[in-house]
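Commentary on secondary and tertiary structure
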Amino acid sequence: QPIPGARGGPDRPDKPCPRAGGENLFDGRSAEGFRKRDKLFVKAGHLVVGELAETVQGWSDVEIEGEIIAEAGVKLQVGVRGEWVAKTNLTKGRHRIFVRAAGPFVEVLIDDKHLKLETSPPAEANGPFKLKVDGGVIRISELRARMPPK
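Quick caveat: nothing in here was measured; it's all calculated off a predicted structure.

**Some remarks on the confidence of the model for the protein chain**
Looking at the protein chain as a whole, the pLDDT averages 84, with 83% of positions reaching at least 70. Within the protein chain, strand β10 (residues 113–119) has the poorest average pLDDT of any element, 80, and strand β3 (residues 46–49) the best, 97. The low-confidence segment residues 1–18, where pLDDT is below 50, has 32 contacts with residues more than four positions distant or belonging to other chains.

**Regarding unusual backbone geometry**
Phi at Lys39 takes a positive value of approximately 65°, unusual for a residue other than glycine. With respect to the element layout, Lys39 can be found in the loop between β1 (23–24) and β2 (40–43). In this model, Arg81 sits at a positive phi of 60°, which is unusual for a non-glycine residue. Structurally, Arg81 is set in the loop between β6 (74–80) and β7 (83–90).

**A few points about the pairing of strand β9 (residues 105–110)**
Within β9, five of the six residues are buried, which leaves the element mostly enclosed by the surrounding structure. By the bridge criterion, six bridges tie strand β8 (residues 93–102) to β9 in an arrangement that is antiparallel. Of the residues in β9, the one forming a bridge with Phe98 is Leu109. Here β8 folds back onto β9 in antiparallel fashion, the turn holding two residues, of which Gly103 has a positive phi close to 55°.

**A short note on the nonpolar core**
Note that soluble globular proteins tend to have their nonpolar side chains buried in a common cluster. Grouped together as the largest cluster of nonpolar side chains are 33 residues, with contacts concentrated most on Ile64, Leu76, Phe129, Leu131 and Ile138. Ignoring anything within four residues of it in the chain, the contact list for Leu131 reads Val49, Glu51, Leu52, Ala53, Ile68, Leu76, Gln77, Val78, Trp84, Ile97, Ile138 and Ile140.

**Details of the sheet that holds β7**
Sheet strands line up and pair through hydrogen bonds in the backbone, either parallel or antiparallel. Pairing is antiparallel across the open sheet formed by four strands, whose spatial order is β4-β11-β6-β7. The open sheet has two edge strands, β4 (52–59) and β7, and neither has a second partner. Strand-to-strand twist of the sheet, defined as the mean angle between neighbouring strand axes without regard to direction, takes the value 15°.

The rules we used
- Residues numbered from 1 in each chain as written.
- Predicted model: local features only at pLDDT ≥ 70, side-chain atom pairs only at ≥ 80, totals over all residues.
- Heavy atoms only, no water.
- pLDDT = per-residue confidence, 0-100.
- Helix = DSSP H or I, 4+ residues; strand = E, 2+ residues; numbered from the N terminus.
- Contact = heavy atoms within 4.5 Å.
- Buried < 20%, exposed > 50% of the residue type's maximum accessible area, 1.4 Å probe, protein only.
- Pairing = 2+ DSSP bridges.
- Core = buried A, V, L, I, M, F, W, Y, C linked by side-chain atoms within 4.5 Å.
- Axes fitted to C-alpha atoms, helices over the stretch in contact; angles between N-to-C directions.

Here it is, written out as structure tokens:
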């Protein structure tokens with residue numbers, strides 16, 4: 001059953017434009033707001049992720065949206081609320097990511113394609129947003145978090 005107000009998919013083929021607002025999780029200058037890790041650094045206005053990027057802040061309900069650039073084909077896992085919720089293979093190039101955790105719903109889209117759409121209680125009421133990369137490097141050029149609509 002689709003998440004009410006979900007983007008894309010058969011019930012919402014119009015793929016609405018992203019909502020404005022929220023807070024920048026990456027400012028283009030520093031990795032502040034992310035847990036310190038090997039293979040995580042800022043270069044040329046991008047957050048470069050060679051293994052794992054994990055926010056310091058955690059959320060129970062959140063929408064996270066941004067742009068990631070894969071240097072080559074990589075495997076990507078997405079985590080929210082303290083658990084891994086989706087994984088995919090990314091091709092080289094720019095990709096849009098959208099993650100929404102609201103109540104019992106979790107939704108993950110890459111380039112407006114659903115990777116995860118589920119209705120189950122969260123394992124953890126509050127947890128960080130995470131991206132895990134295997135087989136290469138991604139660069140984050142933009143990442144924003146906001147409260148999901150009611």
